[in-house]
Amino acid sequence: MTDLAERGAPTTGRVRLAGLSSGALSFLGAWMVGAAIARLTGAAAVLLLLAATLVGFSAAIVSGRRSLRSISVTDLAVSPLTTVDDETAVLLQISGAPVHRDGVLRVSDGAHDLATIPFDALDEHGTVHSTISFSTPGIVDRLHVDIAHAGPVGIVWMRRNDVVPIDPVWVTPLPLGPTIDVETASSNVDGAVLTEHGPKHGDIDGVRTWRDGDGDTSVHWPSTLRAGSLIVHDRETSRDRQWIVDVPAYPLEPDAAARVTHTLLEGLRMGHRVSVRRAASDGVGQPDRSPAVAVMQPDDARRWGAELIGEHRPDTNAPTPWYRRTLHVNARLDTFSRVGTRSRWLTALASLIALGMLIGALDANPTHIALGAGGLAVGTMISLWCARRERRPWWLRLLVGGATIGALASIGSTVGGIGGLLEALRGPMPDLLMLLLVIHGFEVVDRRTLRVHQAIGGVIIAYATGLRIDDRVGLWMAAWAVAIVAAVRAANRRDRARPSHAAPRLHRAAKPIGAVVAAALATLAVLSIVPVPDGPARLGLPALSNDAPTAPTAGGLAGPSGNAPAPSDGTRGSLGEVGGYPGFADTMDTSVRGDLGDQIVMRVRAPKPDFWRGQTFTNFDGRLWSVSPDLGRRRTGPQIQVPATLGDLPRQGIAAETEELVQTFYVEADLPNVVFAAARPDVVTFDGSIYTRPDGALRSDVTLNEGSVYTVVSKRVQVTSASLRSQGDVSDMFEAITDPAGRAVIDPYLAIPASTTQRTIDLADELRRPGASTYDTILAYQNWLAINTEYDLDAPVPAEGADAVDDYLFVSQRGFCEQIASSLAIMLRSQGVPTRIATGYVPGVRDKVSGVFEVRASDAHAWVEVWFPDSGWQAFDPTASVPLSGEAAQGSVGGELVSAAISGIASRPVEIGLIVGFATMVLGAFRAIVGFVRRRRRGRWGVLQDRFTELTGPNAITNPERATAFDDLAATELAELLDQAAFDPSWQDTNESYQSATRALKTLEVSG
Amino acid sequence: MDTLPPPIQTRPDIEPMSVTGASTIASRLAATTNAVIAGKADVVDTAIATLLSGGHLLIEDIPGVGKTLLAQVLAASVGGSFRRVQGTSDLLPGDVTGSMVPTGDGSGTAAITMTFRPGPVFANVVVFDELNRTTPRTQSALLELAEEGTVTVDGTGHRLPVPFMLVATQNPIDIAGTHALGEGSLDRFAAVVTPGRATTASELEVLAGRQGRTMLDGVAPVVSLDEIVQLRNVVSQVHVADPLAAYVVEILDATRTHPAIRLGASTRGGLALLGLARARAVMAGRSYVVADDVAALAVSALAHRVITVDANHSIDLGRSLVAECLAGITAPTA
């Protein structure tokens, strides 16, 4: 057998996509469902999930490609002579094949599959002995080896077709004899020299006289005596017979060529002189023939066969048309589809995390979680039991079927009229999904069902991610990601020892860490081009209300408990309720601000921050702001078109650039019946009725208690500082209005209470530079306030009867937002600029993973609204940093995550340090325990020996042999010490020798 | 009569040698041999281990690779007597062992007595060239005496000198006119080595006269016969840990269950392997055997003892099969 290198290197084919693993299609399905969920809910976290899984898919492809490229055929040898349909031995050696993972080698002659060998069959050297049989006769000097491999992830199959040259194999047809007519010639007809060559072919034909060269054994003595001269046997040996095989000049069909070869070989076997005579030209029946070429050895005969076959070799590279390719690599190959214990339990863990996340999103109940966990665990155990026995008992099918039908019936009976999409999404849908997950858990017996199960878990995770609005979404997702990656990887691994590498641990650990880092970076890169979603899509504007107390008077205000809130009476202190901010009453005392606490009152899913506006106050008496008494019209939900109010310019036909801002409010604490919305709400989706007040505020007929959800689509006028400044001094425009109707509208916003002091007005006059735009004036006032007054929640209450603004500006110079806003409003009014006070919440902190603003009770706020004729009411606030609507930058999901990560690390260095430290400690403790157990079992020298063995791999048998791999004196010393420990009867376990051995081992581990 | 030295297996008057001393002597022996034999350090090591373990050596290789030279150097550096026998098909057992010959004083008056004339085997190192050219009868006679250490002629036992080492060579290519050694005969050799062709560099050394036969004349004995006996004593006291004995048993077992081997290695093979391993330990200056000693010598000690399914008695095949068995066994460690 010649070396592979001598025959020429195998031609490596292109790596092609071969298909998906069975069940992997469900991953794609789950991804698409996830995309739909992202579209429906507009949750940024779902996008994160989608991007991460996309990266995972890409990684599966890339790693599969890489893995496949590292596999190569190093040897392929087939017995040189065989007959058609006869099994013949083949040796195939593959290097770099991961034998503990899925993979298939298919040997073919280009047209027919000859052998299918799973990686499983390879031994630790990558060698497999198998048998193949050829179906067509001829000479085979190359075989195709089709390598299909799913890579370490095992979802996407890649394949490559290598053409491997082999020593020619002579495949003879079955009933083959020397069917070619040979011209036989005996060489001794003319009395050739008789030699001893070859066996005797025929009987003694006769005698003849001696000639030079005849052997002495051929002398026929009786005849010699009789004749008096040497007479010899005239006998023919096989060697004396010549076979001349005539072949035409044109190339032969493979089996005809094989027949020629066989004839030649047969002649040689019988000891004849064999030669081939080829026609000189292609003329059939041409008498002129070239001289016969002697065939001396079997190899010559085979060469003739190869030469004669010419270009008549069948075209073996005809590709399979695409429509005939199977999606799955080979159904027959699914021999290792039985699900492994490890992957099954990891999948159950991932499912449990998904279940926990979903249940947590829907009013977590420990019983539910326990039930789900129990169901998953039982399902896992039963399905593993089934998988081990490779059958599913009838009672299990009955049980699963019955449970499914029963559960569906019970869900169907509980579902009444579906009020809103959210109700459906919160009610039957998750129940159905959870049920599907738990019940499907019983059915998971092979890899296909396992992958389907993982996909269902993925759908649930996406679903829960879309629903959840709390700040632990990221943690849940991370936990699930770890579990699912481990489960997917484990599913693709068989219970077979993986070939150990010579790489030291550090290097081996670096690979997965690098992969995780690369995947994270890739995910961020994908997300950096994905914009923050525009809030919930119109399709799924959710609204939900619980059984909330209705407001006592229609259109009137109701506190969180349903009673009308008491008007502010000037007293301080806790208002007792989270939502009891005085700004949510009919009157607001500027000197009162309760201790509101830090509780989250609502979560707002919105792409951009804005003031969540609740009430509007116009009238000020020097201390109290009060709302206008006009309650507006009651409108019934769920879809409520909010009519245009004063200052709602675009709705009044004035051209202004607007932008839709969709916000979903998830109420987390009992709040009054004030309906919060970003400025200029257009459509409110609300499960109930809403009074749309002419001052732009919205009130519901029920209080908004915990669990209520509503969605607002606002039309924000795009405002920038430049556009505000360009409107100049707005007071001029309002002064120009002289008709009584117009004044009746404007005057309330310009009214200054009688108690307003002259020094207040003087200050306003003084700070306003002549000719300056209103915008600049506002900035000047804000600037003065920032310099001369102080924000203080414990500011003293102004004296009875004193003007609150005067008191704040000149007496105490300490105050909070109500006083700041009041001062700004009154100062602007004194300059002829219409203003009003709005109360509500500042946007709160945006959770960067879920993309939800967390609004706390302490975020309750009051601010000034200034009427700009060209853009309507514009909020101003010196304390809250809310960007102008036209200036809020549209971020990307990835950018937000990066900034969240940076600020998260920067803001909590101690906690992160503690967590890292704790994790290190836990890891250290775990390793210490493992090390302790190993030491107990193996002794400390045994542990050293194991590490040394692991470092060097399985090829070396003994320690000195292992040491030779290093070319390092430390290795030799270590090998000696270890052998001493093992075999020297006089050996003493001393710390010095142990330490020197450990040192040596560490040197080797580091150097690799 | 014959004046053969008495048996000196154990001589209380000789100071027991230390392992360190033994290894010094052994390394001297190795250095001397390596100075002559070009580039065959491992073969030389096996040969010396065979000498120290009291076994006999079979060198199997093609002509002209220094088989005989190796045997001669060994003999010369030991400082004992050296004899060489050329195996031919008409060599009779008596030609090897020696025979009774009639002797008288030459006067013709005294009674003629039959006295034993020792054959060429009566030497410390006997090189038997082309062992497979002799008849099986001679082969078995030779190997029996090598094993027993005594020659029995006419019912009288004659002790062979101590130490006694038989170094036989055979040519695997020569088929015509050879008699393949039987299984039993082969089993009596402690080790088989195949020197193989020298590397280019070594060959150059030989052709330039810096190594090879030209150096043989310069070899002076570096170890006395007494020292060899002492060395053998040291070797026999080398400790073999139980796991190592089990390892040897495992190797023997593997040769017995290997599908391509018809008959596995004998217990004698195991003993020989352990003896060689002990000797190698002493050469390395150790008073205990390590797994590497066993693994390094297993092929040499067992290759000729397995009978392969593919007949034709190729020791090469046995070599690869034993190596295969060895690779499949996990060596004992700490």
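Residues numbered from 1 in each chain as written. Chains lettered and ligands numbered in written order. Predicted model: local features only at pLDDT ≥ 70, side-chain atom pairs only at ≥ 80, totals over all residues.

Attention now moves to the overall build of chain B. A tally of regular secondary structure across chain B gives twelve helices and eleven strands. Sorting the 334 residues of chain B into buried and exposed places 47% on the buried side. A sequence separation of at least 24 residues applies to 80% of the contacts in chain B between residues at least 6 apart. (Helix = DSSP H or I, 4+ residues; strand = E, 2+ residues; numbered from the N terminus. Buried ≥ 20, exposed ≤ 12 C-beta atoms within 10 Å, placed from the backbone. Contact = placed C-beta atoms within 7 Å.)

Facing the 15 residues of chain B at the interface are 16 residues of chain A. Residue assignment for the side of chain B that touches chain A shows that the elements contributing at least two residues are α11 (291-302) and α12 (315-327) of chain B. With three residues, the single largest contributor to the side of chain B that touches chain A is α11 of chain B. The residue inventory of the side of chain B that touches chain A, partitioned by class, reads twelve nonpolar, two polar and one charged. (Nonpolar A, V, L, I, M, F, W, Y, C, P; charged D, E, K, R; others polar.)

This part takes up the sheet that holds strand β18 (residues 612-617) of chain A. Residue and element names in this part refer to chain A. Ordered by their spatial adjacency, four strands build an open sheet running β18-β31-β34-β35, and the pairing between neighbours is antiparallel. Looking at the sheet topology across the chains shown, the edges are occupied by β18 and β35 (872-876). Neighbouring strand axes in the sheet, compared pairwise and without regard to direction, differ in orientation by 40° on average. As defined by bridge partners, strand β31 (residues 835-841) adjoins strand β34 (residues 860-868) across seven bridges and the pair is classed as antiparallel. Pairing of Tyr841 across the sheet is with Ala860, part of β34. (Pairing = 2+ DSSP bridges. Axes fitted to C-alpha atoms, helices over the stretch in contact; angles between N-to-C directions.)

Turning to the sheet that holds strand β16 (residues 587-589) of chain A, a few remarks are in order. All names here are of chain A. Read across the sheet, three strands follow the order β16-β20-β19 without closing on themselves; strand pairing throughout is antiparallel. On the outer flanks of this sheet lie β16 and β19 (619-620), each paired with one strand and no other. Here two bridges tie β19 to strand β20 (residues 624-626), and the two strands are oriented antiparallel to one another. Paired with Phe620 across the strands is Trp625, a residue of β20.

Moving on: the nonpolar core. Counting 122 residues, the largest nonpolar core has Leu48, Ala354, Leu358 and Ile460 of chain A as its most contacted members. Counting residues per element, this core draws most heavily on helix α3 (residues 44-69) of chain A, which supplies 13 residues. (Core = buried A, V, L, I, M, F, W, Y, C linked by C-beta atoms within 7 Å.)

We now examine the packing of α3 of chain A against helix α12 (residues 447-467) of chain A. All names here are of chain A. The interhelical angle for the contact between α3 and α12, taken along N-to-C directions, is 155°, at an axis separation of 7 Å. One finds that α3 runs roughly antiparallel with respect to α12. In this structure, α3 contributes Ala45, Val46 and Leu49 to the contact, and α12 contributes Ile461, Ala462, Thr465 and Gly466. (Parallel < 35°, antiparallel > 145°, perpendicular 65-115°, else oblique.)

Looking now at the packing of helix α18 (residues 758-767) of chain A against helix α21 (residues 817-830) of chain A. Residues and elements named next belong to chain A. Two elements in contact, α18 and α21, have axes separated by 9 Å at closest approach and are oriented at 75°. Relative to α21, the element α18 is oriented roughly perpendicular. Residues Thr760, Ile761, Leu763 and Ala764 of α18 pack against Ile826, Met827 and Ser830 of α21. Among the residues making up the contact of α18 with α21, the classes are represented as five nonpolar, two polar and no charged.

Such coordinate-based values are descriptive only and should not be taken to indicate function.
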